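The lines below spell out each chain.
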Amino acid sequence: MTELSDLTHIKVIPEQQGLRDAKQRRMLRRKLPELIELERILAESPPQFSAQVSASIPVDSFELPIYRVDVGEAPADRPALLLLGGVHGLERIGTQVVLAWLRNIANRLRWDEHLSELLKQVRLVVVPILNPGGMLLNRRSNPAGVDLMRNAPISAQSQSTFLVGGQSLSPTLPWYRGKPDQGMEPENLALQSIIEEVLPGRPFNLSLDCHSGFGWRDQIWFPYAYRRRPMRNIASVMALKLLWEQAYPHHDYQFEPQSEHYVTHGDLWDYFYKRHNREASAPWLPLTLEMGSWRWVRKRPRQLFSREGLFNPLATHRHQRVLRSHMILLDFLLHASASYGNWMPDKSGEEWLRAAARMHWYSKSENL
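Residues numbered from 1 in each chain as written. Predicted model: local features only at pLDDT ≥ 70, side-chain atom pairs only at ≥ 80, totals over all residues. Heavy atoms only, no water.

(A) Focus on the side chain of Q258. Secondary-structure assignment places Q258 in the loop between β7 (253-257) and α9 (268-279). Among residues more than four places away in sequence, those in contact with Q258 are W221, F222, Y224, A225, T264 and D267. (Helix = DSSP H or I, 4+ residues; strand = E, 2+ residues; numbered from the N terminus. Contact = heavy atoms within 4.5 Å.)

Right under this line is the structure:
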């Protein structure tokens, strides 16, 4: 009988699957099909793919892996693109978008010579499910009740929105930050290890964290969330925005700082971005994709009676449309990362781009 380990070069997959009994496998297929889909993509992936388990999260009888996927052969002196999904367990569509693109990349690498060459110029690292425990339990937080996006050791510099901005009252309430004396949750520590291994020493880094959230439009957010002031690399964000709009003038994404909507405690990307800037001079642009879920609810109001329906498109045709619609953005970010030297502003261009960004996004801020 042929074993899976004989059919795939990603040996961590049969190792992980061998830890589960028949009952656990059935439960995962029903409650966490995204993990099964990811393992299938990896098991069938071409040689350019590699994978490892960055951490294991205990949930009941399970040890759920946080997979890190590396694609391509780009050396350490090339730029990197980090793609993330599944930070909030209820927002399955973020992971599903990442998986759809990852499968697209895997299939294209079998015939697309240009993509193979491109992935020698940019390091692609993907974490499709950062919070597998929360996704299994069908809740926003991790199994300990902590909202991973409110868990970093950074506090808002102005009044945050009650509860939404992060609270330390109880894990039974949403947006719980966790206890400061216990440090970050294991999922976030795994992500920190990946960032510290992949990003330092590279000439340019870009990341995208895929979420869904209330809104009428798809939004691309960038730091900061803890204060209403421009980030260090705001000129580069403006350059990327203009580059995207020149290439795709009919897009429907709204670029804006997260603080435009609310100020929060404990934002992961604020914390990691500031930490990176203390130790590196090369730019890193951490972006967040917030897919507007109000459109899905408006077109199918009965979704309001489902926890998943608040954050995910449940109609089949709408779900497929969402999976298709973000492929262009992800491809664009991969190409923009590889060709950063052709659009990143030099000293002369940085000043006016920063001024344009301040005028466009921050002119109404009382803090400037």
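(B) Local environment of the packing of aromatic side chains. In this structure the tally under the stated criterion is 15 aromatic pairs. For the pair F204 and Y340, a centre-to-centre distance of 5.4 Å together with 0° between the ring planes defines the contact as stacked. In this pair, F204 is assigned in the loop between α7 (186-198) and β5 (205-213) and Y340 in the loop between α12 (327-338) and α13 (347-361), connecting sequence segments 136 residues apart. Taking relative accessible area as the criterion, Y340 reaches 23% and is therefore assigned partly exposed. (Phe/Tyr/Trp six-rings, centres within 6.5 Å; stacked < 30°, edge-to-face > 60°. Buried < 20%, exposed > 50% of the residue type's maximum accessible area, 1.4 Å probe, protein only.)

(C) Structural context of the sheet that holds strand β2 (residues 62-71). If you trace the eight strands from one edge of the open sheet to the other, you get β1-β2-β4-β3-β5-β8-β6-β7, paired in mixed fashion. Looking at which strands have only one partner, the edges of the open sheet turn out to be β1 (49-59) and β7. Here the strands of the sheet are splayed against their neighbours by 20° on average, with no regard to which way each runs. Taken together, the nine bridges between β5 and strand β8 (residues 284-292) define a ladder with parallel strand orientation. Paired with L208 across the bridge in β8 is L287. (Pairing = 2+ DSSP bridges. Axes fitted to C-alpha atoms, helices over the stretch in contact; angles between N-to-C directions.)

(D) Up close: the pattern of salt bridges. Inspection of every chain in the model, using the stated rule, returns 19 salt bridges. A salt bridge links E91 to R140, with the shortest nitrogen-to-oxygen separation between them at 3.5 Å. Of this pair, E91 sits in the loop between β3 (80-85) and α4 (92-108) while R140 sits in the loop between α6 (132-137) and α7; the two residues are 49 residues apart in sequence, bridging distant segments of the chain. With respect to class, E91 is no different from R140; both count as buried. For E245, the salt bridge goes to K241, with nearest N and O atoms at 2.9 Å. With E245 and K241 both in helix α8 (residues 234-247) and four residues apart, the pair spans about one turn of that helix. (Salt bridge = Lys/Arg side-chain N within 4 Å of Asp/Glu carboxyl O.)

(E) Structural detail: unusual backbone geometry. Between P223 and Y224 the backbone carries a cis peptide bond, its omega angle lying at 15°. Following the sequence through the fold, Y224 ends up in the loop between β6 (218-222) and α8. Although it is not a glycine, D60 adopts a positive phi angle of roughly 55°. Along the polypeptide, D60 turns up in the loop between β1 and β2.

(F) Just the pairing of β7, in detail. Among the five residues that make up β7, four are buried, leaving the element largely enclosed by the rest of the structure. Here β6 runs beside β7; their pairing, made up of five bridges, is parallel. From the neighbouring strand, Q219 faces β7, where its bridge partner is Q254. Between β6 and its parallel partner β7, the chain crosses via α8, and the hand of that crossover is right-handed. (Right-handed = clockwise from strand over helix to strand, strands pointing away.)

(G) Structural detail: the environment of I105. Residue position: I105 is located in helix α4. Owing to a relative accessible area of 0%, I105 belongs among the buried residues under this scheme. Sequence-wise, I105 and D331 are 226 residues apart; in three dimensions their C-alpha atoms are separated by 9.4 Å. Among all residues touching I105, those that are not within four sequence positions of it are F49, V71, L115 and L119.

(H) Inspection of the environment of H276 at higher detail. Tracing the backbone shows H276 in helix α9. Look at H276 and you get buried, because its relative accessible area is 8%. Sequence separation between H276 and R30 is 246 residues; the distance between their C-alpha atoms is 39 Å. Sequence-distant contacts of H276, that is, excluding residues within four places in its chain, are made with L199, N205, A282 and W284.

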